[in-house]
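Structural description and commentary
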Amino acid sequence: QFKCFRDIVYLSMSRQLAILLIACFIFSVRARTQVYPFVSYTPRDGLVGNKVRFISQDSKGKLYFGTSNGLSVYDGSRFTNYSTVDGLYNNLVNDIQEAGEDSVLVILNAEKLQYIRNGRIGNIFLKDSVCPVINQWLRCSNGNDYAIANDGMFTFEKDHFLKVVLNDL
């Protein structure tokens, strides 16, 4: 009987040792996981609105937050906000597109196209004054600009939009 009792104790200890080793492994794996430093920006921090529709970054590292209350530009230390008070035609910003070293196109949820250059808002005047309501602006690697709009797809050439006819779809 003593031998049987010793076997039971041995099995119990080996089971406890196995549980201890598994627990150490689980906690050591958990301790090595990386925690990413996420920052949540709110209007208290300077963001123009809570409902962010898109986030974009230009070649200089500035972040653009398009909201239903306007556009916020974050340069790494502070926000600069643009809304109808500052000259935007509409507060609902759908997209932005970098247009040069010092300017970005502002794609509004309206039949207007605007830009921001050196912190100032300006209007883009088109040859035929026709601008679709653009939802997204795409720049291809070959330099062509396309607009996905409520009325279909358009290409932008110099100072006017041309509708892209898609056959056989």
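One structure accompanies this document, and this report is about it. (Residues numbered from 1 in each chain as written. Predicted model: local features only at pLDDT ≥ 70, side-chain atom pairs only at ≥ 80, totals over all residues. Heavy atoms only, no water.)

1. Considerations on the side chain of S103
The following threshold applies: Counting from the N terminus, the helices are DSSP H or I runs at least four residues long and the strands are E runs at least two residues long. Using a 1.4 Å probe on the protein chains alone, a residue whose accessible area is under 20% of its type maximum counts as buried, one over 50% counts as exposed, and one in between counts as partly exposed. By definition in these notes, contact holds between two residues if any of their heavy atoms fall within 4.5 Å.
For S103, the position within the fold is in strand 6 (residues 103–108). A relative accessible area of 10% places S103 in the buried class. With sequence-adjacent residues up to four places away left out, S103 is seen in contact with E98, I116 and R117.

2. Description of the sheet that holds strand 7 (residues 113–117)
Operational definition: Pairing between two strands requires that DSSP report at least two bridges joining them. Orientation is described by lines fitted to C-alpha atoms, with helices fitted over the stretch in contact, and by angles between N-to-C directions that extend from 0 to 180 degrees.
Read from one edge of the open sheet, 4 strands run 5-6-7-8, paired in antiparallel fashion. Only two strands of the sheet have a single partner each, and these edge strands are strand 5 (93–98) and strand 8 (120–123). The mean angle between the axes of side-by-side strands here comes to 30 degrees, regardless of whether they run parallel or antiparallel. Alignment of strand 7 against strand 8, held across 4 bridges, turns out to be antiparallel. By the bridge assignment for strand 8, Q114 is matched with N123.

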